[in-house]
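The residues making up each chain are set out below.
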Amino acid sequence: MYDKNNVFAKIIRGEIPADKIYEDDYALAFYNIAPESKIHALVIPKGEFINIYDFTENASTELQTGFWNAVNQTVYKLGVTEFRTVANTGKSSGQTVFHFHVHIMAN
Ligand code: AMP
């Protein structure tokens, strides 16, 4: 079950700060607080989805399209052309925040 008090839900609600890169009606992108590469951004949809399964199965087509467009916009804002995207899914994969997110990493 989705935990409304996870750290990314709090960032969307403005309850804790984030170093924002891009934001629109569908998604928010910000810098990772503990970067694992020179550039390390996170993109999260504005909705309550635990992981990529939940997002793909339950988010509206409009939100899914908006989210992936926001990933693209974030890449443009970061000014990179070569990068890695990661969506950890489940504890054993390394997922620690259970609000669906995509990592964008570049060096
Ligand atoms: P994951 O391990 O895929 O669930 O990724 C969660 C990521 O969120 C980790 O890389 C954390 O460093 C990052 N993170 C946790 N809290 C914050 C925060 N308040 N602001 C930015 N990034 C965060």
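Rules and cut-offs
- Residues numbered from 1 in each chain as written.
- Predicted model: local features only at pLDDT ≥ 70, side-chain atom pairs only at ≥ 80, totals over all residues.
- Heavy atoms only, no water.
- Salt bridge = Lys/Arg side-chain N within 4 Å of Asp/Glu carboxyl O.
- Helix = DSSP H or I, 4+ residues; strand = E, 2+ residues; numbered from the N terminus.
- Buried < 20%, exposed > 50% of the residue type's maximum accessible area, 1.4 Å probe, protein only.
- Near = heavy atom within 4 Å.
- Polar contact = N/O pair within 3.5 Å; in protein donor to acceptor, adjacent residues only side chain to side chain.
- Areas by Shrake-Rupley, 256 points an atom, 1.4 Å probe, with all protein chains shown as cover.
- 1 Å grid on protein atoms, 1.4 Å probe; cavity = no way out; pocket = protein on both sides within 12 Å on 5 of 7 lines; lining within 4 Å.
- Sits in = over half its atoms within 2 Å of the grid points.
- Nonpolar A, V, L, I, M, F, W, Y, C, P; charged D, E, K, R; others polar.

A. Region of interest: the pattern of salt bridges. Here the structure, examined in full by the defined rule, presents four salt bridges. For Glu48, the salt bridge is made with Lys4, and the minimal N-O distance between the two is 2.8 Å. Here Glu48 is found in the loop between strand S3 (39-45) and helix H2 (52-58), whereas its partner Lys4 is found in the segment before helix H1 (7-12), with 44 residues between them in sequence. A relative accessible area of 43% places Glu48 in the partly exposed class. Salt bridges here are not isolated pairs; linked through shared partners, they connect Lys20, Glu23 and Lys46.

B. Examining the site of the ligand more closely. In the vicinity of the ligand lie 16 residues, with Asn32, Gly94, Thr96, His101 and His103 positioned nearest. Residue Gly94 places a main-chain N or O atom 2.8 Å away from an oxygen atom belonging to the ligand. His103 places a side-chain nitrogen or oxygen 2.8 Å from an oxygen atom of the ligand. Compared with its free state, where it exposes 500 Å², the ligand has 84% of that area covered by protein. With respect to the detected pockets, the ligand is housed in the largest pocket. Those elements that place two or more of their residues in the shell around the ligand are H1 and strand S2 (27-31). Of all the elements, H1 adds the most residues to the shell around the ligand, at three residues. Class assignment of the residues belonging to the shell around the ligand gives a composition of nine nonpolar, seven polar and no charged.

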